[in-house]
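Structural features, examined
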Amino acid sequence: MAVTLTPPRAGGRTRRVPDRHHRGVTRWIVLALVTVAALVMLVPFAFMLLNAFKSPGDYSNNGPLSWPTEFYTTGLRTYWEQVDFPVKLWNSILISGSVAVLAVVVSLLSAYALGIGRVRGRLWIIGLFLLANMLPQEALIYPLYHFAKEAGLYNTRLAVIIIFTVIQAAFGTYLLASVLSTFPRTLLEAAALDGAGKWRILWRVVLPNVRPTISVLLVFFFIWTWNEFLIPLVMLIDNQTQTVPVALASLQGDRLMDAPTTNAGALLSLLPAILFFLVFQRTLARGITAGADK
Amino acid sequence: MAVPDTVAARPGATPSPPTGKTPRRPRRPDAGYWLYLLPGAVMFLLVIGGPLIYTGYLSLTRWSGVGDPSFIGLDNYRTLLTDDVFWTSFRNTIAMIVAMVVLPTLIGLVLAAVLFDTIGRRFRPRTAAALRAAFYLPQVLPVVVAGIVWGWILRPDGALNGLFDAIGLGALSHDWLGDPGTALPVVMAVMIWVQLGYPVVVFMAALERVDPELYEAAEIDGAGWWRRFRAITLPQIRPETFVVGLTCTIAAMKVFGPIYALTRGGPENATNVPSYFAYFTFFKRLNVGYGSAISMVLTLIIVVVAVLFIRAQNRAERRDGGL
């Protein structure tokens, strides 16, 4: 992503707060400093791009900083084939997508009971869910690994889907319950007077009203699950089941991969994340604000 | 209102019996709703509650993962107390909190204020948005990918040493992650890079909530940047600071992926953290009981820290409300 330095046009001077002369220079220095800092943040991406298209020979002769001598795509292709990238991509999409949808459904059901039904002890239940989301996954991993083996779910995507559905739903319940606890009662009562049952009210009255929050949760659950590492690393050992991050890390583990292939692999692995980010930028921004607003 | 607002009138979660105010509804208002809690509760017990209790039990046993665990009481915890690796891993957690919470929050506060107050208002807002995107980008990519890229940059034949060679500082070349002396500071620097965008984005969103007239009034009164930062920016975004502090502290205590991708806890445990230590003990040393004890201690610390954070936040909010 290029940082464009927008030159200030005449419009900048007609602001309500007139610049005082001593600040005229300062603001440019500040802009320059922040821009340099932002560029430094992007340097690793530039390095990665530069070296993803180099041949191993080019890399070892000319080092990591030189411009590639040719547009070499064999590294990308090697990585693509070596790790069977389309399979990994599909696994990640399948797992993250299923988790996002299932976790939202579970969150909505639980939050309906907690936020609107206000069942007894709901504050304790919400606190429990919140703590569950904060737990270190190490505290669950061995029993989960053990049970999955016993149940024949080890090395299946289903095991990972179930686990993350619960972990993400724990957060979703917390957030949605607090949103629903301020749900306008009059709407619910009007629907009840019209003879709608709880089930109908949930889908016809509550759901349409919290759709913005739900879409934020969908995006977040998808990305969080996509980026998860420990549980997929332990649960998915097979080429046919692994996700994108696990495949990249396990390939790096054998230390045989040359630098250009490492970079090609990293580039391929982050492209879906960047694409997703660009598509859902607004939803994400809204979500970050929603999360911070409590 | 035609229908009395009985449900809303119920005081919070206190299981008080229906009062005389709601004579027309003898039925408890929440009857029937608990059914909706069932799927979440059952899955929660199976995937989180049960396993957590089981890990707690395993921490009291010696077990390699096959056969039956043998109960040994608190022996694992006693061993932990004298285990140097365990203490190193917790010392490194403090380093991770510095790198993932303290520094990103401080730098993020200043950056967000500068982007919002100076750049967003004196240049076009688009400039601030583009700069913000650059800071946020590392947050988008899977943290393992970040670990792999940085691992390569910091390799002896990687980009950082190449950069030093190119500018004539070849003498500074170093095996950054291979040397126990530099590995931890370098990992900390990478984590700052990864984390920085999160507070910047959250704080900038928070600042949009602030009435711009506050800033303009302060400026007309002659308040400099620093005074505006302290008197307006900091108090206005305190709720967000708490949220960032809590979420980042927990992330720092649980950090695993970057360590796995960068150093696997090495060299000589210089970058080991409790999460990686537990993983290694479970799956490489096949010492499930001991790994469980490490996990339980980590869990306990995280719960305590989270509770302290939330209580501090509630106290601060009450104080603000009282003023």
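Here the structure is a predicted model, which means the values were calculated and not measured. For every chain, the first residue of the written sequence is number 1, and numbering continues from 1 onward in sequence order. Here the convention is simple: chains get letters from A, ligands get numbers from 1, in the order in which they are written. The model is predicted, so local features are restricted to residues of pLDDT at least 70 and side-chain atom pairs to those at 80 or more, both for listing and for counting; the totals for chains, interfaces and linings are taken over all residues. Note that water and hydrogens are dropped before the side-chain values are worked out from all heavy atoms of the structure.

1. Considerations on a nonpolar patch on the surface
Residue and element names in this part refer to chain B. Stated precisely, the cut-off is as follows: Patches draw on residues past 30% relative accessible area with no salt bridge. Two like charges within 9 Å are joined, as are two nonpolar side chains (Val, Leu, Ile, Met, Phe, Trp, Tyr) within 5 Å. Accessible surface is estimated by sampling points in the Shrake-Rupley manner with a 1.4 Å probe; for residues, cover comes only from the protein chains shown. Any Lys or Arg side-chain nitrogen found within 4 Å of a carboxyl oxygen on Asp or Glu counts as a salt bridge. Starting at the N terminus, helices and strands are each numbered in turn, a helix being any DSSP run of H or I of at least four residues and a strand any DSSP run of E of at least two. Burial classification: accessible surface area is computed with a 1.4 Å probe over protein chains only, and a residue below 20% of its type maximum counts as buried, one above 50% as exposed, and the rest as partly exposed.
Judged by side-chain polarity, Ile94, Val98, Val102, Leu103, Leu106 and Ile107 come together as a nonpolar surface patch covering roughly 460 Å² of accessible area. On the secondary structure map, valine 98 appears in helix α4 (residues 84–122). The class of valine 98 is partly exposed, set by a relative accessible area of 31%.

2. Quick word on the UniProt feature "domain: ABC transmembrane type-1" (unreviewed entry) in chain B
For clarity, the threshold we go by: UniProt positions are given in the numbering used here, feature names are shortened, and annotations may be inferred rather than shown by experiment.
Per the UniProt record, "domain: ABC transmembrane type-1" (unreviewed entry) is annotated on residues 90–309 of chain B. Along residues 90–309 of chain B, the helical share is 79% and the strand share 0%, with 19 Å between the first and last C-alpha atoms.

3. So, the interface of chain A and chain B
Operational definition: Contacts: residue pairs with any heavy atoms within 4.5 Å of one another. Using a 1.4 Å probe, buried area is obtained as the accessible area two parts lose upon being combined, added over both of them. We define a polar contact as two N or O atoms separated by no more than 3.5 Å, with the added condition that, inside protein, one atom must be a possible hydrogen donor and the other a possible acceptor, whereas residues neighbouring each other in sequence contribute only through side-chain atom pairs. For this classification, the nonpolar set comprises Ala, Val, Leu, Ile, Met, Phe, Trp, Tyr, Cys and Pro, the charged set comprises Asp, Glu, Lys and Arg, and every other residue, Gly included, is treated as polar.
Contacts between the two partners involve 104 residues from chain A and, on the opposite side, 103 residues from chain B. Of the roughly 9400 Å² buried at the junction of chain A and chain B (both faces included), carbon and sulfur atoms supply 74%. At the junction of chain A with chain B, the criterion picks out 0 salt bridges. Linking chain A to chain B there are 9 residue pairs in polar contact (both at pLDDT 80 or more). For the side of chain A that touches chain B, the leading source of residues is helix α1 (residues 21–52) of chain A, giving 17 residues. Residues that form the side of chain A that touches chain B fall into these classes: 69 nonpolar, 18 polar and 17 charged.

4. Comments concerning the domain arrangement of chain A
Residue and element names in this part refer to chain A. Rules: In this document the domain limits rely on a domain assignment from an automatic tool or a database.
Entries for chain A in the domain assignment read domain 1 (44–83 + 254–284) and domain 2 (87–237). Each partner contributes to the interface: domain 1 provides 6 residues, whereas domain 2 provides 9 residues. Together, the buried faces of domain 1 and domain 2 total about 710 Å²; carbon and sulfur atoms form 83% of this surface. Summed over the shared surface of domain 1 and domain 2, the number is 0 salt bridges. Counting across the domain 1 and domain 2 interface gives 1 residue pair in polar contact (both at pLDDT 80 or more). Elements represented by at least two residues in the side of domain 1 that touches domain 2 include exactly α13 (259–279) and α14 (281–293).

5. What about the packing of aromatic side chains?
Rule in force here: Each pair of aromatic rings taken from Phe, Tyr and Trp, with Trp reduced to its six-membered ring, is defined by centres within 6.5 Å and is described as stacked if the planes are under 30 degrees apart, edge-to-face if over 60, and tilted in the remaining cases. Charge-over-ring placement is defined geometrically: NZ (Lys) or CZ (Arg) within 6 Å of the ring centre, and within 35 degrees of the ring normal.
Tallying each qualifying case throughout the model produces 46 aromatic pairs over all chains. Members of the aromatic cluster, joined through ring pairs, are A:Tyr142, A:Tyr145, A:Tyr154, A:Phe229, B:Trp63, B:Phe256, B:Tyr260, B:Tyr276, B:Tyr279, B:Phe280, B:Phe282 and B:Phe283. Over the face of the ring belonging to B:Phe123 we find A:Arg27, whose NZ or CZ atom lies 5.1 Å from the ring centre. Just above the ring of B:Tyr260 sits the side chain of B:Arg264; from NZ or CZ to the centre is 4.0 Å.

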